[in-house]
Amino acid sequence: MFGWFKRRSATPKSRLTPGHVEAALTLARQSLQAGRDADALGALAPVLGDAVVHAEGCHLAAIVACRRGDFPEAVRLLEAATAAAPERLESWHTLAEVRLELGQPDAAVAAL
């Protein structure tokens, strides 16, 4: 009874096209390489604000957070990246490095 009324799991859907995401990530990578952290964050804004967690976007934003000395924010972003894409080893490695920087060696080892 009322089978049509069953709640469906709310799987978030991206509001961005794959091309838009890739273009934003490319611009962010280029900006980071040139040392333009604010430009990188600007390029990442739509990606980070999307309903879907984009692991590479979180990782790149975490690099900016590290450069600014905001290691707790970097951890938050890297944890989101590793949850969204656990196969992405680069994010786990960076998370371990940030946790070491924060004086959390056990948490750093756990990330590896």
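Structure's up top.
The rules behind the values
- Residues numbered from 1 in each chain as written.
- Predicted model: local features only at pLDDT ≥ 70, side-chain atom pairs only at ≥ 80, totals over all residues.
- Heavy atoms only, no water.
- Helix = DSSP H or I, 4+ residues; strand = E, 2+ residues; numbered from the N terminus.
- Contact = heavy atoms within 4.5 Å.
- Areas by Shrake-Rupley, 256 points an atom, 1.4 Å probe, with all protein chains shown as cover.
- Lys, Arg positive; Asp, Glu negative; His and termini not counted.
- Charge placed at Lys NZ, Arg CZ, Asp CG, Glu CD.
- Salt bridge = Lys/Arg side-chain N within 4 Å of Asp/Glu carboxyl O.
- Buried < 20%, exposed > 50% of the residue type's maximum accessible area, 1.4 Å probe, protein only.

Q: Mind laying out the overall build of the chain, listing which residues take part and the relevant values?
A: Helices and strands together make up the secondary structure of the chain, namely 6 helices and 0 strands. Tracing the chain from N to C terminus, the helices and strands come up as α-α-α-α-α-α. Each of the three principal axes of the chain carries a C-alpha extent, and together these read 55 × 35 × 20 Å. By sequence separation, contacts in the chain at least 24 residues apart represent 48% of the contacts at least 6 residues apart. When the accessible surface of the chain is summed, it comes to about 7,100 Å², and 58% of that surface belongs to carbon and sulfur atoms. The chain carries 12 positive and 13 negative side-chain charges, and their two centres are separated by 12 Å.

Q: I'd like to hear about the pattern of salt bridges, residue by residue, with values.
A: Applying the stated criterion across every chain yields a total of 7 salt bridges. Residue Glu-79 is joined to Arg-99 by a salt bridge in which the shortest nitrogen-to-oxygen separation is 2.4 Å. Pair noted here: Glu-79 is in helix 4 (residues 71-84) and Arg-99 is in helix 5 (residues 89-101), with a separation of 20 residues, a long-range link. Its relative accessible area of 14% is what places Arg-99 among the buried residues. With a shortest N-O distance of 3.5 Å, Arg-88 and Glu-90 are connected by a salt bridge. Overlapping salt bridges, with partners in common, bring together Glu-22, Arg-29 and Glu-56 in one network.

Any functional reading would require information that these geometric values do not contain.
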